[in-house]
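# Coordinates in review
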Amino acid sequence: MQLGLSRTVCSKRSEQAGVTMQLGDQRASGNVEDRRDLGIGGGLGIGGVVVAVIAYFLGFDPGTAINVAEQVAPKHDTREAPKGAPTDEMGQFVAKVLGSTEAVWGKIYQQYRPPTLVLYDGQVRSACGLGQSATGPFYCPGDEKLYIDLGFFRDLQTRFRAPGDFAQAYVIAHEVGHHIQKLNGTFQKVEATRGRISQAETNRISVRMELQADCFAGVWGHHAGTMNQLDSGDIAEALNAATAIGDDRLQKQTQGRVVPESFTHGTSEQRVRWFKHGMDSGRPQDCDTFSSNSL
Ligand SMILES: [Zn+2]
């Protein structure tokens, strides 16, 4: 199956060279913090630090993550990281996708302020605790930063054979979607339920958060124009690849079975559907996964 996907992706990519070219004209965002060569810095007792992060894979519990982080680690690494658009190819690509999300959300969402995107290698300190490559990209509402390990993108290409550009852009747009949830108060509302609801209910809310972030990523795609050249088959293909790490597949790979109650991101099918919903509509208010009875 992976071979089949890979083959299709290759042919699709060559047909769609224009998709990448268009991004070439996009302004690169200056809100990129490049920590790739800095590592984590000293002073942190790694052995004692098992810090929850708001992780791409592990689900959502910002309150816990933030509290733990404040106990064990200073909020910020003191060493200065270069700010501005990186000059290497992958860094440029990331900065341009981020620039595109800034242009779109700045236009359609009045309360918008841009997040910072942190590029890192291996480990990084965030206001939500220690971020590690293994957890995948994540957004930290405490410092309003997106944390991206480029190794994850390399994984997308090699392990999951995802079509590079679109899958990577989607991941960034999804994390920006979480930033929108910070700005519109969704994170705070969810935080208010902490400790008062069951784990199963927490997981259900997490799925709604994740599917809304997918929908917001679609809203960006709608306005970004670049994405309009993709047909829905392409989107499904790319999203399925990008979400090969979706909960259902991840669980199948690791446990050999699926346990719906412990889903925190939604199934691949749900994620594709909500992304397309946002993509078709272009309106953030149509991404109300919390009121929707059927996800
Ligand atoms: Zn997410």
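Remember, predicted model here, so these are calculated numbers, not experimental data. (Residues numbered from 1 in each chain as written. Predicted model: local features only at pLDDT ≥ 70, side-chain atom pairs only at ≥ 80, totals over all residues. Heavy atoms only, no water.)

### Observations regarding the state of the cysteines
Rules: Put simply, a disulfide is two cysteine sulfurs that come within 2.5 Å. Think of it this way: any DSSP run of H or I at least four residues long counts as a helix, any run of E at least two long counts as a strand, and we number them from the N terminus. For every residue, the accessible area (1.4 Å probe, protein chains only) is compared with the maximum for its type, and the residue is labelled buried under 20%, exposed over 50%, or partly exposed between those bounds.
Scanning the model with the defined rule gives two disulfides in all. Disulfide pairing is shown between cysteine 128 and cysteine 140; the S-S distance is 2.1 Å. Between cysteine 128 and cysteine 140 the sulfur-sulfur dihedral comes to about 90°; the bridge is accordingly right-handed. Here cysteine 128, found in the loop between strand E3 (123-126) and strand E4 (129-132), pairs with cysteine 140, found in strand E5 (residues 138-140); they are twelve residues apart in sequence, far enough to count as distant. When its relative accessible area of 0% is taken as the criterion, cysteine 128 is described as buried. Across the disulfide, cysteine 215 is cross-linked to cysteine 287 (sulfur-sulfur distance 2.1 Å).

### Quick look at unusual backbone geometry
Even without a glycine there, the phi angle at glutamate 144 is positive, about 55°. Relative to the elements of secondary structure, glutamate 144 occurs in the loop between E5 and strand E6 (145-149). Using a relative accessible area of 15% as the deciding quantity, one classes glutamate 144 as buried.

### Quick look at the pattern of salt bridges
This is how the line gets drawn: Salt bridges are defined as contacts in which a side-chain nitrogen from Lys or Arg sits within 4 Å of a carboxyl oxygen from Asp or Glu.
Going through the model one piece at a time under the given rule, you end up with twelve salt bridges. Between lysine 145 and glutamate 33 there is a salt bridge whose closest N-O contact spans 3.0 Å. Taken together, the residues span a long stretch of sequence, with lysine 145 in strand E6 and glutamate 33 in strand E1 (residues 32-34) at a distance of 112 residues. The exposure class of lysine 145 is buried, given its relative accessible area of 14%. Take glutamate 33: its relative accessible area is 9%, and that puts it in the buried class.

### Focus: the environment of glutamine 132
To keep things clear, this is the line we draw: Residue contacts are counted whenever heavy atoms from the two residues lie within 4.5 Å of one another.
One can find glutamine 132 in strand E4. Among the residues examined, glutamine 132 registers a relative accessible area of 35% and is labelled partly exposed. With sequence-adjacent residues up to four places away left out, glutamine 132 is seen in contact with Tyr120, Gly122 and Gln123.

### Quick look at the packing of aromatic side chains
Our working definition: Aromatic rings from Phe, Tyr and Trp, taking only the six-membered ring of Trp, are treated as a pair when their centres fall within 6.5 Å; an angle between ring planes under 30 degrees marks them as stacked, one over 60 as edge-to-face, and anything in between as tilted.
Per the counting criterion, the structure on display carries five aromatic pairs. Considering the side-chain rings of tryptophan 105 and phenylalanine 216, the 5.5 Å spacing of their centres and the 80° angle between planes classify their relative orientation as edge-to-face. Here tryptophan 105 is found in helix H4 (residues 89-108), whereas its partner phenylalanine 216 is found in helix H8 (residues 199-224), with 111 residues between them in sequence. Here tryptophan 105 matches phenylalanine 216 in class, with each residue buried.

### Description of the nonpolar core
One recurring pattern in soluble globular proteins is that nonpolar side chains are buried together. Heads up, the rule is: As used here, the term nonpolar core means buried Ala, Val, Leu, Ile, Met, Phe, Trp, Tyr and Cys residues forming a set that is joined through side-chain atoms within 4.5 Å.
Ranked by size, the top nonpolar core spans 46 residues in total, and within it Trp105, Leu117, Phe153, Ile172 and Trp220 carry the most contacts. Elements with a minimum of two residues in this core: H4, strand E2 (116-120), E6, helix H5 (150-158), helix H6 (164-183), helix H7 (186-192), H8 and helix H11 (268-281).

### Topic: the coordination of the zinc ion
Ideal values for angles at a metal depend on the geometry: 109.5 degrees with four tetrahedral donors, 90 or 180 degrees with six octahedral donors. For clarity, the threshold we go by: Metal donors: N, O and S atoms at distances within 2.8 Å, or within 3.2 Å for Na, K and Ca, with water omitted from the atom set so that some sites may seem incomplete.
Bound to the zinc ion on the protein side are His174 (NE2), His178 (NE2) and Glu210 (OE), at distances that span 1.9 to 2.1 Å. For the zinc ion, the single-chain donor residues occur in sequence as H-x3-H-x31-E. Highlighted residues: histidine 174 and histidine 178, both in helix H6, separated by four residues, approximately one helical turn. In this structure histidine 174 comes out as buried when scored by relative accessible area, which is 0%.

### Considerations on the environment of lysine 276
In this fold, lysine 276 is placed in helix H11. For lysine 276, a relative accessible area of 28% corresponds to the partly exposed category. Distance from lysine 276 to aspartate 214, taken between C-alpha atoms, is 8.7 Å for residues 62 residues apart in sequence.

### Regarding the pairing of E4
We count it as follows: One requirement defines pairing of two strands: DSSP has to find at least two bridges between them.
Two elements, E3 and E4, share four bridges in a ladder whose sense is antiparallel. Bridge assignment links valine 124 to a residue of E4, and that residue is glycine 131. Once E3 ends, the chain turns through two residues before running back antiparallel as E4.

Scope: geometric values only; no functional claims are made or implied.
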